[in-house]
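In case you want the letters, here they are:
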Amino acid sequence: MRPRDITIPDQRHPEKAHRPDNAQPKKPAWIRVRAPGGQGYQDTHRIIREHGLATVCEEAGCPNVGECWAHGHATMMIMGEICTRGCTFCNVATGRPDALDPFEPGRVAEAVARLGLRHVVITSVDRDDLDDGGAEHFAQTIRATRHRAPGTTIEVLTPDFLKCPASALETVVAAKPDVFNHNLETVPGLYPEVRPGARYFQSLRLLQRVKEIDPGMFTKSGIMVGLGEDRQAVLQVMDDLRAANVDFLTIGQYLQPTPKHHAVARFVTPEEFAAYEKAAYGKGFLMVSATPLTRSSYHAGEDFVRLRAAREQALASR
Ligand code: SF4
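Given the structure is predicted, the values throughout are model-derived calculations rather than measurements.

A.B. asks: Please give an account of the packing of aromatic side chains that cites residues and values.
C.D. replies: Counted by the stated rule, this structure contains 4 aromatic pairs. Each ring, one from tyrosine 191 and one from tyrosine 200, has its centre 5.6 Å from the other, and the planes form 90 degrees; the classification is edge-to-face. Tyrosine 200 carries the same exposure label as tyrosine 191, and that label is buried. The ring of phenylalanine 218 carries the charged tip of arginine 311 above its face, separated from the ring centre by 3.7 Å.

A.B. asks: Go over the site of the ligand, please, and point to the residues and values.
C.D. replies: Around the ligand sit Val56, Cys57, Cys62, Asn64, Val65, Cys68, His73, Thr75, Arg295, Ser297 and Tyr298, and those are all the residues in its vicinity. If you list the elements that add at least two residues to the shell around the ligand, you get α2 (56–59) and α3 (65–70). Here the residues of the shell around the ligand are counted per class, giving 6 nonpolar, 4 polar and 1 charged.

A.B. asks: Account for the side chain of aspartate 128, with residues named and values stated.
C.D. replies: Structurally, the position occupied by aspartate 128 is in the loop between β5 (119–124) and α5 (135–148). By relative accessible area, which is 17% here, aspartate 128 ends up buried. A distance of 2.6 Å separates the side chain of aspartate 128 from the side chain of arginine 85, its partner in a polar contact.

What counts and what doesn't
- Residues numbered from 1 in each chain as written.
- Predicted model: local features only at pLDDT ≥ 70, side-chain atom pairs only at ≥ 80, totals over all residues.
- Heavy atoms only, no water.
- Phe/Tyr/Trp six-rings, centres within 6.5 Å; stacked < 30°, edge-to-face > 60°.
- Buried < 20%, exposed > 50% of the residue type's maximum accessible area, 1.4 Å probe, protein only.
- Lys NZ or Arg CZ within 6 Å of the ring centre and 35° of its normal.
- Near = heavy atom within 4 Å.
- Helix = DSSP H or I, 4+ residues; strand = E, 2+ residues; numbered from the N terminus.
- Nonpolar A, V, L, I, M, F, W, Y, C, P; charged D, E, K, R; others polar.
- Polar contact = N/O pair within 3.5 Å; in protein donor to acceptor, adjacent residues only side chain to side chain.

The structure is reproduced here in structure tokens:
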């Protein structure tokens, strides 16, 4: 894919270095995670390394890595470890990415087979330097994984393909992932601060388009809370996602990776998460996961089985 001319922040001075330090508050008692270690974790680590792959589990500093990797559940991050966007919540480095590796789809497929995954989540950095945003590379990775691990269900967590031709999204959908996930990340009022390179309604429209192209494909989106949003804005996001026919919503607590990242405004209590979950089901989502440690890919395999069952039940009751 031909590289585009875009403005990318100076790599010698990472874009977040100029930001003021935000104190990192102590986590409340309800956010406790398993420390990484044990045989399962080591095995996952070895397979990922042997195949030269990146994972969002490590790049984003996910708190669930100890639990997920103990079960072999790693979320593959394709197209490099450098992102062309500078979202203030995200721990992935910003800069000028390397050229795409044409062998990466095959290595992802091989690793998925070695890990014996029933369900895999494949995500990527943003690639605004590519005309198609990396859509064809996503499609190749889906096809290679389908071929090498035919029993594995595939979930993609994609960028927004902002400024890409419509064919970019169509390319990914045509490769037939089982779940198409794209995260809104936060409420629209916080986009200028939290997700400055993105557009809320572009992301919503992307999810809506997936359903228009393939009505049978599951769609999924997620937000973080604790960034400074209010409850009413979260409820509005739910309405917007349902209007776009999104099936599955995830809501988790934002955790600040470093003092240079967006500050945690507050820790949302487990009771508030339970209330969000109830509200979301009331608005018609087939599946909702809303807990402090919920992440897009947390327990994604088990959730996919429940999602499929929920749709069958909904169809049967019509
Ligand atoms: S929740 Fe997702 S990103 Fe975090 S460790 Fe688990 S699989 Fe990786």
